[in-house]
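Structural overview
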Amino acid sequence: MSDVAREAGVSKMTVSNVINGRPGASEATRARVLAAVARLDYTVDVTARRLRAGRSGAIGLLVPHLDGPYYAHLAARLDTLARARGYHVIIERTGASREGELDAISPERLRPFDGVVFSPVQIETADLIGAGVEVPVVLLGERHLAGPFDHVMMDNVGGADLATAHLIEGGARRIALVGGRPDRGVDSMPTLRTRGYRQAHADAGIEVDEQLVVDADSFTTKDGYDVIMRLHREGVRFDGVFVLTDAAAMGVLRALADLGRRVPEDVQVVGFDNDDEGDYLVPRLTTVDPDNDSMARSVMELVLRRIDAGAPRVSDAAEVVTSARVVVRESTRPRA
């Protein structure tokens, strides 16, 4: 800026006013400054500007894991939106453990960030408040967490209800639930999607065979494969499968192929997440789209609004629930 000021024969303050569009300079002076900027190829030092404002330009994304496509795709969506606004996203993996999440939200770990998007699995709002979080936080995830933080959620119950109802409409009556969990009042992703599965059965007047509700260690492709093989070994009959993630559904399709079960003729399969990979499987995977793009936009709008306001906790916390729909592909049949 000093070089531009010397070149244009004006003060640094005048250069600053012209670059930032503030009044106070004549048109002739403005033209002279802009000509000097062009000759010297001057660009604003965004880092220095942020440091003076007490900002880093970084948004933290705290997620349970990165070994599946969902959070990788979410990170890419958020990073694209952040970069369009002059920010970048830094990813922290919590391991889905209480210790990992508490460590990730400690003041020392959050200090480099202007704002944080956090997908908690184990901790509660009280833990966030007790940790003394000093940057704006937007919560992302499955559970309803009341408190002074914005929260963006997907419609897990509604999406699972739609998925199961789609299988029932296609003629399935014995629907295995891969990754199902008992509902003990804890609003986690598995329990919420299990709730939707049961709701669709109740609406259709079909009793759930508890042998078909199968827990999984996690929701990887291997877990999906292992659950189907376990059901086969135990002689449990099924003509439909609702899988709690697309990643696990890939394993389900592989297991059914290995067992000689045709999809969708013998067994229909529905996943959840609408990962891009599902459109390239054989057969193409029917899945629940939780509107990931809308979710990412809502998250970024909220975190940037709170950063601009400088408010780590707010009295007008927003709660956004995105809508879900079934994307019908080749792994299910039309309505019976």
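Quick word on the sheet that holds strand β1 (residues 58–63)
Strands sit in the order β2-β1-β3-β4-β5-β11 across an open sheet of six strands; the sheet is parallel. If you trace the sheet from one side to the other, it starts and ends with β2 (88–93) and β11 (319–322), each paired once. Averaged over all adjacent pairs, the angle separating strand axes in this sheet is 20 degrees, with direction ignored. Examined bridge by bridge, strand β4 (residues 137–141) and strand β5 (residues 150–154) share four bridges and lie parallel to one another. Opposite Leu-140, over in β5, you have Val-152 as the bridge partner. In the packing of helix α5 (residues 69–84) onto the sheet, the strands contacted are β1, β2, β3 (115–118), β4 and β5, and the crossing angle to β2 comes to about 155 degrees.

Some points on the environment of Leu-128
For Leu-128, the position within the fold is in helix α8 (residues 125–130). Note on Leu-128: relative accessible area 3%, which makes it buried. Expressed as a C-alpha distance, the spacing of Leu-128 and Thr-80, which sit 48 residues apart in the sequence, is 27 Å. What Leu-128 contacts, discounting residues up to four positions off in sequence, is Ile-105, Phe-118, Ile-123, Val-133, Leu-139 and Phe-149.

Focus: the packing of helix α9 (residues 156–169) against helix α10 (residues 189–204)
Here α9 crosses α10 at 45 degrees, and the two axes come no closer than 7 Å. In this view, α9 runs oblique relative to α10, as classed from their interaxial angle. For the crossing formed where α9 meets α10, the hand is right-handed. Side by side, α9 and α10 meet where Asn-156, Val-157, Ala-160, Asp-161, Thr-164, Ala-165 and Ile-168 of the first sit next to Met-189, Leu-192, Arg-193, Arg-195, Gly-196, Tyr-197, Gln-199, Ala-200, His-201, Asp-203 and Ala-204 of the second.

Observations concerning the nonpolar core
Counting residues in hydrophobic clusters, the biggest one holds 66 residues, and the most contacted among them are Ile-59, Leu-78, Ile-228, Phe-238, Val-241, Phe-242 and Val-269. By residue number, the principal contributor to this core is helix α13 (residues 292–309), which donates eight residues. Excluding anything up to four places from it in sequence, Ile-59 contacts Ala-82, Tyr-87, His-88, Val-89, Ile-90, Phe-113, Gly-115, Val-117, Met-300, Val-303, Leu-304 and Ile-307. Core analysis: the next-biggest nonpolar cluster, separate from the first, contains 16 residues, Phe-118, Ile-123, Leu-128 and Leu-145 among them.

Overview of the environment of Val-270
With respect to the helices, strands and loops of the structure, Val-270 is situated in strand β9 (residues 268–272). What makes Val-270 buried here is its relative accessible area of 0%. Not counting residues up to four positions away in its chain, the partners in contact with Val-270 are Ala-163, His-166, Leu-167, Val-241, Phe-242, Val-243, Thr-286, Thr-287 and Thr-332.

Overview of helix α3 (residues 27–40)
Since the α-helix turns once every 3.6 residues, residues separated by three or four places project in the same direction. The terminal C-alpha atoms of α3, which comprises 14 residues, lie 20 Å apart, in line with the 20 Å expected from a rise of 1.5 Å per residue. Along α3, the residues classified as buried are Thr-29, Arg-30, Val-33, Ala-36 and Val-37. Projected onto a plane normal to the axis of α3, the buried residues spread over an arc of 125 degrees and lie on a single side. Turned more than 90 degrees away from the buried face of α3 sit Glu-27, Ala-28, Ala-38 and Arg-39, all of them exposed. Buried residues in α3 make contact with α1 (2–8) and α2 (12–19). Backbone geometry just downstream of α3 places Asp-41 in the positive-phi region, at approximately 55 degrees.

Notes on the sheet that holds strand β8 (residues 240–243)
Spatially, the six strands line up as an open sheet ordered β7-β6-β8-β9-β10-β12, and their pairing is mixed. Of all strands in the sheet, those bounded by a partner on one side alone are β7 (213–214) and β12 (325–327). Bridge count between strand β6 (residues 175–178) and β8: four bridges; the pairing is parallel. Its bridge partner being in β8, Leu-177 is matched across the sheet by Phe-242. On the sheet, helix α11 (residues 221–233) packs against β6, β7 and β8 and is oriented at approximately 140 degrees with respect to β6. Most of the contacts of helix α12 (residues 246–258) go to β9, to which it runs at about 160 degrees, and overall it touches β6, β8, β9 and β10 (286–289).

Notes on the pairing of β1
On a regular strand, one side chain projects to one face of the sheet and the next to the other, so that they alternate. Counting buried residues in β1 gives six out of six residues, a clear majority hidden from the surface. Side-chain alternation along β1 places Ala-58, Gly-60 and Leu-62 on one buried face and Ile-59, Leu-61 and Val-63 on a second face that is also buried. Viewed along the sheet, the connection from β1 through α5 into β2 turns out right-handed. Here β1 pairs with β3 via four bridges, running parallel. Its bridge partner lying in β3, Leu-62 is registered against Phe-118.

Focus: the pattern of salt bridges
Using the criterion set out here, one finds 21 salt bridges in the structure. A salt bridge links Arg-109 to Asp-103, with the nearest nitrogen and oxygen atoms 2.2 Å apart. Judged by relative accessible area, Asp-103 falls into the partly exposed class, the value being 39%. Taken together, the shared-partner salt bridges connect Asp-279, Arg-284, Arg-329 and Glu-330 into one network.

The rules behind each value
- Residues numbered from 1 in each chain as written.
- Predicted model: local features only at pLDDT ≥ 70, side-chain atom pairs only at ≥ 80, totals over all residues.
- Heavy atoms only, no water.
- Pairing = 2+ DSSP bridges.
- Helix = DSSP H or I, 4+ residues; strand = E, 2+ residues; numbered from the N terminus.
- Axes fitted to C-alpha atoms, helices over the stretch in contact; angles between N-to-C directions.
- Contact = heavy atoms within 4.5 Å.
- Buried < 20%, exposed > 50% of the residue type's maximum accessible area, 1.4 Å probe, protein only.
- Parallel < 35°, antiparallel > 145°, perpendicular 65-115°, else oblique.
- Left-handed = near helix turned anticlockwise from the far one by under 90°.
- Core = buried A, V, L, I, M, F, W, Y, C linked by side-chain atoms within 4.5 Å.
- Expected span 1.5 Å × (residues − 1).
- Arc of directions from axis to C-beta.
- Right-handed = clockwise from strand over helix to strand, strands pointing away.
- Salt bridge = Lys/Arg side-chain N within 4 Å of Asp/Glu carboxyl O.

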